[in-house]
Amino acid sequence: MYKYDQYDQAMVDARVEDFRDQTRRRLEGKMTDDQFKPLRLKNGLYLQLHAYMLRVAIPYGTLNSRQMRKLAHIARTYDRGYGHFTTRQNIQYNWIKLEDAPDILAELATVEMHAIQTSGESIRNISADQYAGAAADEIIDPRPWAEMIRQMTTFMPEFSYLPRKFKIAVIAAEADRAALRWHDCALRIVQNEAGEIGFEVFAGGGMGRTPFIAYRIREFLPTDQILSYLQAILRVWNRNARRDNIHKQRMKILVHELGEDEFRRQVEEEFQHFLALGEDFPQAEYDRIAAYFAPPPFETDLSEEIDRSDPDFALWADHQVAAHKAPGYAIVNISLKPIGQIPGDISAEQMELVADLAERYSFDELRATHAQNLVLPHVRKQDLHAIWTALHEAGLGEANLDLVTDIIACPGLDYCSLANARSIPVAQKIAERFADAERQKDLGELKIKISGCINACGHHHAGHIGILGVDRKGTENYQLLLGGSGDEETSQAKITGPGFDEAGIVDAVERAVERYREIREPGERFLDTYRRVGMDGFKEAIYG
Amino acid sequence: MVDDPRAGGPGGGPGTLEPTPGGERDWLRFRDDPAPDEPVVTLDTFLDQSNASSVLIEAGDDVRRLAPVLDRVRLVEIDFPKFRDGRGFSSARVLREMGYEGEIKATGEVLVDLIYFMRRCGFDSFAPHVPLDRAEVEAVLNRYPHVYQHAADAAVPIWQLRHG
Ligand code: HEM
Ligand code: SF4
């Protein structure tokens with residue numbers, strides 16, 4: 001895992017003082033709230049319905065036990081004893097006082113963490129495959145480049161006020177576990193015929209009210225030119241984007257309006273210019289960073305056996321464990337979706353338990369996932385039962401990864417000032433409806449994603465089943481969408497028809513799911529069936 | 001260099017806070033040469049009038065159009081109609097990349113918390129709508145000990161410090 005040197009530490013410490021000073025000036029009335037807002041947003045501080053929300057960056061979703069314990073401490077000391085993992089691998093606290101925020105940032109800085117550029121019109125925390133460095137199917141660990149990008153994009157002067165937020169994701173496998181093409185800029189490491197590795201580059205994706213799936217703008221970019229290329233993209237956007245309408249300023253709109261080819265042409269032109277300026281970090285810097293991501297000292301000659309005599313454990317192992325690249329090891333997914341709970345929420349005590357497990361069983365490493373779950377990336381198969389036992393006792397033993405109850409949901413009207421409808425209760429009711437383990441297993445992979453308004457924080461555009469909260473004459477109403485995906489075959493979900501009230505949406509989901517059961521062919525997931533029969537195959541079942 | 005990564009750069013480094021003579025907000029001018037006093041004209045007018053030397057860049061103007069006439073430019077004023085409009089940051093840096101060494105002045109809604117980043121993009125004078133507090137400006141300019149990337153100043157990025 002990456003470790004700060006004196007420079008990284010000095011920068012984060014300086015940021016704490018910077019924000020302390022800005023907060024002081026705001027509290028003393030030397031700045032208007034309008035002027036303070038973009039400054040606090042660049043430190044991850046949102047104003048919600050009831051309190052401030054603080055979003056802490058977890059670069060490329062990787063953290064260690066010390067950091068997790070600090071997150072638990074912050075939850076206990078400054079919040080109400082819990083935190084919320086988000087769809088971009090970050091953690092949010094919902095009940096923060098403005099005057100505490102500088103102290104929280106100071107606490108984070110002691111464990112090499114920060115909230116820099118986690119919201120506002122800035123280059124956001126870089127997200128990555130949560131299995132990076134562990135996945136059996138990856139070409140190489142993509143995180144060294146993510147860390148280089150993190151450094152280059154931190155306090156980047158030219159892009160101090162971008163038109164809107166800018167989200168980057170990086171993966172290095174065929175399988176997409178990071179919702180790649182829903183990002184403003186997405187990078188996938190590929191290998192060419194000569195055996196060299198490079199980036200396949202996508203640009204112009206995003207959700208929100210105008211969803212776009214990112215276009216591929218480069219088939220192969222040498223890895224040592226990525227920083228020049230990114231700056232070129234950013235400059236083309238910063239220069240050309242509209243500034244007259246906040247809803248039309250994301251890069252996706254520019255790419256769409258210029259057209260993919262013209263956008264690419266401008267980026268290539270600017271790219272040549274940046275290459276000549278010598279902006280890319282040298283090989284020595286890549287090597288320095290990559291050394292921190294060297295594989296941990298895996299043991300050899302470990303047993304591949306998993307004792308499946310305990311049926312509850314066997315069920316969990318079937319769903320929560322993924323293939324690791326080292327023999328005898330496995331990747332463990334920890335569900336933050338216990339039935340009836342708030343998706344992504346975790347208590348301080350649970351955070352500490354997970355930190356202990358990471359330290360003891362996973363080379364001190366943890367990951368957060370965009371589906372709002374956690375991962376122990378490097379676990380010996382022989383330890384799986386002990387890990388499950390501990391998780392189970394702490395209420396974290398749910399076996400539902402990628403199943404119907406593994407729901408993504410935004411904070412919605414329970415917290416968010418922009419919401420039209422509540423998301424959390426809908427998620428809870430759907431999970432309760434489908435709680436039966438046999439039923440979930442029978443339904444197989446089925447991703448439900450819920451947003452409380454068109455901003456789409458809950459990824460409803462990418463849901464196999466998406467739910468969108470809208471306001472209908474002052475009452476909460478929910479639209480149902482089908483057919484979205486955030487994996488390597490990315491697709492955008494479509495609205496089925498008229499919306500439903502809260503009880504109605506749960507029934508409508510069930511009717512869609514039952515329809516799938518009726519018409520599925522062997523081996524088909526919900527999404528496959530939808531793709532085969534289209535909306536018409538479902539509509540009548542849903543609306544009768 | 002290593003001790004003061006912000007030294008140098010076009011018109012002095014962002015850390016240089018020595019006041020220079022002329023004008024009421026001298027302490028927001030980071031250059032030693034006399035301030036040009038010819039009024040600015042819009043980019044289109046500037047390109048038409050072969051004797052003009054001071055040009056106003058409005059948000060949305062493409063400064064690359066100045067390339068053929070760069071040798072007669074003495075002052076570029078870049079306007080920030082709203083502090084949230086960040087196009088001027090690119091304009092200034094592009095001018096410096098084109099080799100322009102004359103004055104670049106930020107006007108309009110220039111907030112104290114932006115000044116440090118503006119300095120790094122090549123701005124070397126400031127005429128904000130709303131006056132700034134000098135102590136705050138100094139604090140902001142001197143807050144960050146290092147930089148992570150190249151910009152239009154001479155600051156040495158951290159990666160370069162790491163590898164000598
Ligand atoms: C109350 C706090 C929140 C507010 C005010 C808020 C606001 C917004 C807004 C305005 C957008 C639309 C952006 C656009 O269209 O350009 C958005 C998108 C998004 N937000 Fe949030 N959000 C909040 C909480 C969250 C949470 C908790 C998560 C994670 C679970 C999240 C993840 C996202 C994601 C993934 C998107 C979609 C990104 C995209 O458009 O590509 N947000 N948010
Ligand atoms: S989708 Fe809407 S309701 Fe949900 S968190 Fe985002 S802005 Fe709030």
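Residues numbered from 1 in each chain as written. Chains lettered and ligands numbered in written order. Predicted model: local features only at pLDDT ≥ 70, side-chain atom pairs only at ≥ 80, totals over all residues. Heavy atoms only, no water.

Student: Please clarify how the interface of chain A and chain B should be interpreted in this entry.
Tutor: Interfaces are frequently sized by the accessible area removed from exposure as the parts join. The partner chain B presents 36 residues to the 50 residues of chain A that form the contact. Taken over both partners, the interface formed by chain A and chain B buries close to 3,900 Å², and the fraction arising from carbon and sulfur atoms is 55%. Three residues, Y7, P157 and Y161 of chain A, lead the burial of chain A against chain B; their summed loss comes to 18% of the area buried on that side. Here D18 of chain A ties to R143 of chain B by a salt bridge, and the two come within 3.0 Å at their closest N and O atoms. There are 25 residue pairs in polar contact (both at pLDDT 80 or more) connecting chain A and chain B. Breaking the side of chain A that touches chain B down by element, the ones donating at least two residues are α1 (6–27), α2 (33–41), α5 (143–153), α6 (226–240), α8 (260–277) and α9 (283–292) of chain A. The greatest single-element share of the side of chain A that touches chain B, amounting to 11 residues, is contributed by α1 of chain A. Residues that form the side of chain A that touches chain B fall into these classes: 20 nonpolar, nine polar and 21 charged. (Contact = heavy atoms within 4.5 Å. Buried area = accessible area lost by both parts, 1.4 Å probe. Salt bridge = Lys/Arg side-chain N within 4 Å of Asp/Glu carboxyl O. Polar contact = N/O pair within 3.5 Å; in protein donor to acceptor, adjacent residues only side chain to side chain. Helix = DSSP H or I, 4+ residues; strand = E, 2+ residues; numbered from the N terminus. Nonpolar A, V, L, I, M, F, W, Y, C, P; charged D, E, K, R; others polar.)

Student: What is the right way to look at empty space enclosed by the protein in this model?
Tutor: It is the rolling of a water-molecule-sized probe over the atoms that shows where space remains empty. Going through the model one piece at a time under the given rule, you end up with 10 cavities of 30 Å³ or more. When its volume is computed, the largest cavity comes out at roughly 250 Å³. Residue lining of the largest cavity: 21 residues in total, with R15, K42, F155 and S160 of chain A together with F117 of chain B positioned closest to the centre. Contributions of two or more residues to the lining of the largest cavity are made by α1 of chain A together with α3 (112–121) of chain B. In terms of residue count, the dominant contributor to the lining of the largest cavity is α3 of chain B (four residues). Here the residues of the lining of the largest cavity sort into 11 nonpolar, six polar and four charged. Built from parts of two domains, the lining of the largest cavity gets at least three residues from each of domain 1 (6–109) and domain 2 (142–291) of chain A. The space that makes up the second largest cavity amounts to roughly 140 Å³. (1 Å grid on protein atoms, 1.4 Å probe; cavity = no way out; pocket = protein on both sides within 12 Å on 5 of 7 lines; lining within 4 Å. Points joined across faces, edges and corners; volume = space filled by probe spheres on them. Domains from an automatic or database assignment.)

Student: Hey, could you run me through the sheet that holds strand β17 (residues 448–451) of chain A in this one?
Tutor: Strand pairing in a sheet is mediated by backbone hydrogen bonds. Such pairs are either parallel or antiparallel. All names here are of chain A. An order of β16-β17-β18-β19-β20 is seen for the five strands of this open sheet, with the pairing classed as mixed. If you trace the sheet from one side to the other, it starts and ends with β16 (408–409) and β20 (494–495), each paired once. Inspection of the sheet shows β17 paired to strand β18 (residues 465–472) by four bridges, in the parallel sense. The partner of I450 across the bridge, within β18, is I467. In this fold helix α15 (residues 502–519) packs onto β17, β18 and β19 (475–482), with an angle of close to 15° to the strand it touches most, β19. (Pairing = 2+ DSSP bridges. Axes fitted to C-alpha atoms, helices over the stretch in contact; angles between N-to-C directions.)

Student: What's the story with the coordination of the iron atom of ligand 1 in this structure? I'm lost.
Tutor: For a metal bound by four donors in a tetrahedral arrangement, the ideal donor-metal-donor angle is 109.5 degrees, while six donors in an octahedral arrangement ideally sit at 90 or 180 degrees. Counting protein donors to the iron atom of ligand 1 gives just one, C457 of chain A (SG), placed at 2.2 Å. Looking at the secondary structure, you find C457 of chain A in the loop between β17 and β18. (Donors = N, O, S within 2.8 Å, 3.2 Å for Na, K, Ca; no water.)

Student: I would appreciate a short explanation of the site of ligand 2 in the present structure.
Tutor: Lining the immediate surroundings of ligand 2 are C410, P411, G412, C416, L418, A419, S451, G452, C453, N455, A456 and C457 of chain A. Per-class residue counts for the shell around ligand 2 are eight nonpolar, four polar and no charged. (Near = heavy atom within 4 Å.)

Student: It is not clear to me how the packing of aromatic side chains should be interpreted in this structure. Could you clarify?
Tutor: The relative placement of two aromatic rings is captured by the distance of their centres and the angle of their planes. Using the criterion set out here, one finds 26 aromatic pairs over all chains in the structure. Relative to F199 of chain A, the ring of W145 of chain A lies with its centre 5.9 Å away and its plane at 90°, an arrangement referred to as edge-to-face. Residue W145 of chain A is found in helix α5, and its partner F199 of chain A is found in strand β9 (residues 197–203); the two are separated by 54 residues along the sequence. Among the residues examined, W145 of chain A registers a relative accessible area of 3% and is labelled buried. Look at F199 of chain A and you get buried, because its relative accessible area is 0%. Three or more aromatic residues joined by ring pairs make a cluster, and in this case those are F30, F80, F89, F123 and F126 of chain B. It is R80 of chain A that lies over the ring of W95 of chain A; its NZ or CZ is 3.6 Å from the centre. Over the ring of F30 of chain B we find R119 of chain B, and its NZ or CZ is 4.2 Å from the ring centre. (Phe/Tyr/Trp six-rings, centres within 6.5 Å; stacked < 30°, edge-to-face > 60°. Buried < 20%, exposed > 50% of the residue type's maximum accessible area, 1.4 Å probe, protein only. Lys NZ or Arg CZ within 6 Å of the ring centre and 35° of its normal.)

Student: Explanation requested: the environment of K252 of chain A in the structure shown.
Tutor: On the secondary structure map, K252 of chain A appears in helix α7 (residues 251–258). Beyond its immediate stretch of four places on either side in the chain, K252 of chain A contacts G204, G205, G206, M207, G208, T210 and F212 of chain A.

Student: Quick question: what am I supposed to make of the confidence of the model for chain B here?
Tutor: In low-pLDDT regions, the fine details of the predicted coordinates are not to be read closely. Mean pLDDT over chain B works out to 86, with 85% of the residues at or above the 70 mark. Considering only residues more than four positions removed or in separate chains, one finds that residues 1–24 of chain B, a stretch of pLDDT under 50, has 51 contacts. (pLDDT = per-residue confidence, 0-100.)

Student: Hey, could you run me through the site of ligand 1 in this one?
Tutor: Residue and element names in this part refer to chain A. The environment of ligand 1 is made up of 23 residues, and the closest members are Q48, R164, M207, R250 and C457. At 2.9 Å from an oxygen atom of ligand 1 is found a side-chain nitrogen or oxygen belonging to R164. With respect to ligand 1, the backbone of M207 contributes an N or O atom lying 2.9 Å from an oxygen atom. For the shell around ligand 1, the per-class residue count stands at nine nonpolar, nine polar and five charged.

Student: Explain the side chain of T23 of chain A to me, please; I cannot follow it from the model alone.
Tutor: All names here are of chain A. You can see T23 is positioned in helix α1. Given the relative accessible area of 2%, T23 is considered buried. Filtering out sequence-adjacent residues up to four positions away, T23 remains in contact with F36, L98 and P102.

Student: I would appreciate a short explanation of the environment of P81 of chain B in the present structure.
Tutor: All names here are of chain B. Assignment of secondary structure puts P81 in the loop between β3 (75–80) and α2 (87–97). Exposure remark for P81: the relative accessible area of 45% places this residue in the partly exposed category. P81 sits 26 residues away from T107 along the chain, and the two C-alpha atoms are 8.4 Å apart.

Student: Looking at this structure, how should I read the packing of α15 of chain A against helix α16 (residues 526–533) of chain A?
Tutor: A pair of packed helices can be characterised by two numbers: the angle between their axes and the separation between those axes. Residue and element names in this part refer to chain A. For the pair α15 and α16, interaxial distance at closest approach is 10 Å and the crossing angle is 80°. As the angle between them shows, α15 and α16 are arranged roughly perpendicular. Residues A512, V513, Y516 and I519 of α15 form the contact with α16, whose own contacting residues are F526, T529, R532 and V533. In terms of residue class, the contact of α15 with α16 is built from six nonpolar, one polar and one charged. (Parallel < 35°, antiparallel > 145°, perpendicular 65-115°, else oblique.)

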